[in-house]
Every structure is written in structure tokens, then in C-alpha cells.
Amino acid sequence: MGAPLVSVCIPAYNAASTIERTIASVVAQGVSDVEIVVSDNASVDDTVAIAERSGHPFVRVIRQPRNLGMVRNYEAVLAASRGTYVKLLCADDTLYPGGLAREVAALSAAPASVVVAVARRDVSVAGRGRLPRAPILRRGDRLETGPALQRRIITTGRNLLGEGQAVLVRGDVIRSAAARGLGDPYVVDLSLWFHVLTAGDAIHLPSVHGSFSVSRTSQSWHLRRVQTRQTRALFGQEAMRLGLGRSARLKSNLRSWWYVAARRALLTIASRRGDS
């Protein structure tokens, strides 16, 4: 059997309450040549059983014999992918119908590009507490070079691509990036995008293609207390690599602190609305 067109990679840990909905949102895309790879990080609930009985013929569940930690599980599920294009989807996030096909079409039509980014909405796991969609690339842009976008991520102090469900990457590029190591837990997405953007350009599609779930039980919620430190460390490292001066690095630190604080407040509001 040849490689699939798309691999949707789902790292999971104790995701029994959400994994079925997440897999169903991928199946509903209507893309026939897709594999769904679930890497279960030694869950103690029914995550594996639910994933295996999803009914999709191309769901592949990998059982980790022990808990690898969040970052290593991300690396493992990406390494197991075989698709020409790859999307990293958390086990409590969802894709909206039709989005995946549009992302594939955009990357297929742009050989110099390695990643396509779309908008997404923040929602509580219960589906309440919706927040406005986040801006991704510069308004009006459809294409941005990798080096230029890396610099803008640093100077704005923001993750301008978004979380995994908002991004589709060429398979060989993302597997190579994951093999290098993805850094600290809170900045796993950003670390991955910095690696990916060294290989080519980015495309922006302004439509909303999915939702990012916010809950007090999620890994991202529990990591919120260390996110500022990890973000600043990554931005400082990448700023040095790109040759940005001290002034740019200081601005990046201030803006990343403001962005993380503001986003933490927004996620807190969404979580309280949804979890109450």
C-alpha cells in the first residue's frame, strides 16, 4: 500500500471523553486518502478502546508501553505518519467540514510553500465560551516567506501560525523537524513551526477550519504557569539564530509577555464559561 495523501496525527492521553468526536471530525472531511494515527501515551482510561472502535478503516492506534511525556508523544506520532501532508491534531480539538481539502489544494498549488495556516476558534470542551477567531498572518497576505515569518513571530511575540489543528505541513518537512526534537511542552507548536519555516514559505487561508478546546483539565491549561518562561527562552534562542539585535530581542520579550498574559486571560474566561 502506498503512502496516503494526508496523515492526521493525534497524540492522546486520557482522552476518552473527546477522542471519538475528534476522530469523527476528521472522517467528516470527506478526504478519501487519509490515515488517522493515534499515539496513546499510556492512558488509564478508555481512550484506546474508543479510538479502535471508531469504525474508520484507516485509523491506526499506537499504544505507548509507558508514558513518554507530552513532547515525546508528539514526536512519536509525527514519526509514525506516512502522508504527503501532515496535520497535528490534539485529542480534544476538532476540524470543520471541508477545511482539510482546501488546505491540501492550497499546498499542492504552491510548490515553494511547506505550510498552510488557517484561522480557528477557541471553545470550551463543552462547546461553550467561544472566543473570536485569532488572526494568523498579516491581514491580506496569502503568502509569506519562511525567514520573514520567523522574524515576525519573534518581533510580535506571538504564535502567528496557531496550534496544530490550524496548520497543514508537507510530510517530509514535519517529520524531519520532529526528528530534531520539539523543545519544551508549552512551546512545542512554536518550536515545530520555527523548524518547518526554515524549509520554505507559508500560505494563509483566512477561513476558519477548526476549533481549539480550552478546559481546566487540558495539558495546555496546566502548563500555563510556565508558558512565559518557555516562550521567552525560545524566542531568545531563535532571535540569536536569525541575527536579530538586542533591541529586537527586548521588544520580543515584552510583547511575548503581554501576548501570553492576554491569551491566558481569554482562555480563563472561555474555560469558566464552558466548565461551569
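The structure contained in this document is the topic of the report that follows. Just so we're clear, the structure is a prediction, and the values are computed from it rather than from any experiment.

1. As for the overall build of the protein chain
Working step 1: The number of helices and strands found in the protein chain is ten helices and nine strands.
Working step 2: Relative to its 276 residues, the protein chain shows a buried fraction of 54%.
Working step 3: Across the protein chain, contacts joining residues at least 24 apart in sequence account for 79% of those joining residues at least 6 apart.
Working step 4: Taken as a whole, the protein chain presents about 12,200 Å² of accessible surface, with 55% of it coming from carbon and sulfur.

2. Some details on the nonpolar core
Working step 1: Counting residues in each nonpolar core, the largest one holds 69 residues, and the members touching the most others are I10, I19, L78 and L192.
Working step 2: Here the element with the most residues in this core is helix α7 (residues 188-197); it accounts for seven residues.
Working step 3: Setting aside its immediate chain neighbours within four residues, L78 contacts C9, V86, L88, I174, R175, A178, L182 and L192.

3. Some points on the pattern of salt bridges
Working step 1: Taken as a whole, this structure holds six salt bridges when the rule is applied.
Working step 2: Across the pair E35 and R60 runs a salt bridge, and its minimum N-O distance is 3.0 Å. You can see E35 sitting in strand β2 (residues 34-40) and its partner R60 sitting in strand β3 (residues 59-63), a full 25 residues away along the chain.
Working step 3: Judged by relative accessible area, R60 falls into the partly exposed class, the value being 29%.
Working step 4: Here E103 ties to K87 by a salt bridge, and the two come within 2.8 Å at their closest N and O atoms. Taken together, the residues span a long stretch of sequence, with E103 in helix α4 (residues 99-108) and K87 in strand β4 (residues 85-88) at a distance of 16 residues. Both residues of the pair, E103 and K87, count as buried.
Working step 5: Here the salt bridges share partners, and the residues they tie into one network are E35, R60 and R82.

4. Some words on the packing of helix α6 (residues 171-180) against α7
Working step 1: Relative to each other, α6 and α7 sit at 125 degrees, their axes nearing to 9 Å. Taken together, the axis directions place α6 and α7 in an arrangement best described as oblique. The chirality of how α6 crosses α7 is right-handed. From α6, V173, I174, A177, A178 and R180 reach across to α7, where they touch L192, H195 and V196.

5. A closer look at the environment of A166
Working step 1: Summarising the element assignment, A166 is placed in the loop between α5 (146-156) and β8 (167-170).
Working step 2: For A166, a relative accessible area of 0% puts it in the buried group.
Working step 3: Put simply, A166 and K87 are 79 residues apart on the chain and 8.3 Å apart in space, counted from C-alpha to C-alpha.

6. Points about the environment of Y96
Working step 1: On the secondary structure map, Y96 appears in the loop between β5 (94-95) and α4.
Working step 2: With 71 residues separating them along the chain, Y96 and S25 place their C-alpha atoms 6.7 Å apart.

7. What about the side chain of T94?
Working step 1: On the secondary structure map, T94 appears in strand β5.
Working step 2: Here the side chain of T94 touches S211 through a polar contact of 2.6 Å, side chain to side chain.
Working step 3: Here T94 is in contact with R21, T22, S25, L89, Q165, G210 and S211, once residues within four sequence places are set aside.

Calculation criteria
- Residues numbered from 1 in each chain as written.
- Predicted model: local features only at pLDDT ≥ 70, side-chain atom pairs only at ≥ 80, totals over all residues.
- Heavy atoms only, no water.
- Helix = DSSP H or I, 4+ residues; strand = E, 2+ residues; numbered from the N terminus.
- Buried < 20%, exposed > 50% of the residue type's maximum accessible area, 1.4 Å probe, protein only.
- Contact = heavy atoms within 4.5 Å.
- Areas by Shrake-Rupley, 256 points an atom, 1.4 Å probe, with all protein chains shown as cover.
- Core = buried A, V, L, I, M, F, W, Y, C linked by side-chain atoms within 4.5 Å.
- Salt bridge = Lys/Arg side-chain N within 4 Å of Asp/Glu carboxyl O.
- Axes fitted to C-alpha atoms, helices over the stretch in contact; angles between N-to-C directions.
- Parallel < 35°, antiparallel > 145°, perpendicular 65-115°, else oblique.
- Left-handed = near helix turned anticlockwise from the far one by under 90°.
- Polar contact = N/O pair within 3.5 Å; in protein donor to acceptor, adjacent residues only side chain to side chain.

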